[in-house]
Amino acid sequence: PGHEHSTGPISAEAAQQEATKQVVVLVSKGKLEPSWSGIKPTKVYQKTFEKGPEWIVEFVNSAVSDVAKQTLYLFYTLDGHYLAANFTGN
């Protein structure tokens, strides 16, 4: 009870919404700088990896001084389960 899990694939829009919430969680846990809090997704697309296709949601934060860490990638299964986040996109 209280946990809703979708059984089918989620839309690109739903992936963006989930990723936006996840960025707030990562900031609150101290894994990302506070400047990431209000950032909106810049791109969402599917990419196929060894284990199959995933949603990737990109965020760009030009306030981050390290250029290599200005683009954040969040990875989701096609049915909306959060997998990981990194700055490489792989």
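A few points on the structure. (Residues numbered from 1 in each chain as written. Predicted model: local features only at pLDDT ≥ 70, side-chain atom pairs only at ≥ 80, totals over all residues. Heavy atoms only, no water.)

Considering the overall build of the protein
Phase 1 of the analysis: A count of helices and strands for the protein gives 1 helix and 4 strands.
Phase 2 of the analysis: Taken from the N to the C terminus, the helices and strands of the protein come in the order α-β-β-β-β.
Phase 3 of the analysis: In summary, the protein has a C-alpha radius of gyration of 13 Å against a globular reference of 12 Å for 90 residues, a match within 12%.
Phase 4 of the analysis: Each principal axis of the C-alpha distribution contributes one length, and for the protein these read about 40 × 30 × 20 Å.
Phase 5 of the analysis: In the protein, which comprises 90 residues, the proportion classed as buried is 32%.
Phase 6 of the analysis: By sequence separation, contacts in the protein at least 24 residues apart represent 39% of the contacts at least 6 residues apart.
Phase 7 of the analysis: For the protein, the exposed area adds up to about 5800 Å²; of that, 53% sits on carbon and sulfur atoms.
Phase 8 of the analysis: Separation between the mean location of the 8 positive side-chain charges and that of the 9 negative ones in the protein comes to 5 Å. (Helix = DSSP H or I, 4+ residues; strand = E, 2+ residues; numbered from the N terminus. Rg over C-alpha atoms; globule rule 2.2 N^0.38 Å. Buried < 20%, exposed > 50% of the residue type's maximum accessible area, 1.4 Å probe, protein only. Contact = heavy atoms within 4.5 Å. Areas by Shrake-Rupley, 256 points an atom, 1.4 Å probe, with all protein chains shown as cover. Lys, Arg positive; Asp, Glu negative; His and termini not counted. Charge placed at Lys NZ, Arg CZ, Asp CG, Glu CD.)

Quick word on the sheet that holds strand β3 (residues 71–77)
Phase 1 of the analysis: The 4 strands are arranged β1-β2-β3-β4 in an open sheet whose pairing can be described as antiparallel. The strands lining the two open edges of the sheet, one partner per strand, are β1 (41–49) and β4 (82–86). Strand after strand, the sheet turns through a mean of 25° between neighbouring axes, direction not considered.
Phase 2 of the analysis: Sheet analysis places β3 next to β4, joined by 4 bridges and oriented antiparallel. By the bridge assignment for β4, F75 is matched with A84.
Phase 3 of the analysis: Across the sheet, helix α1 (residues 12–28) is in contact with β1, β2 (52–60), β3 and β4; its angle to β2 comes to roughly 60°. (Pairing = 2+ DSSP bridges. Axes fitted to C-alpha atoms, helices over the stretch in contact; angles between N-to-C directions.)

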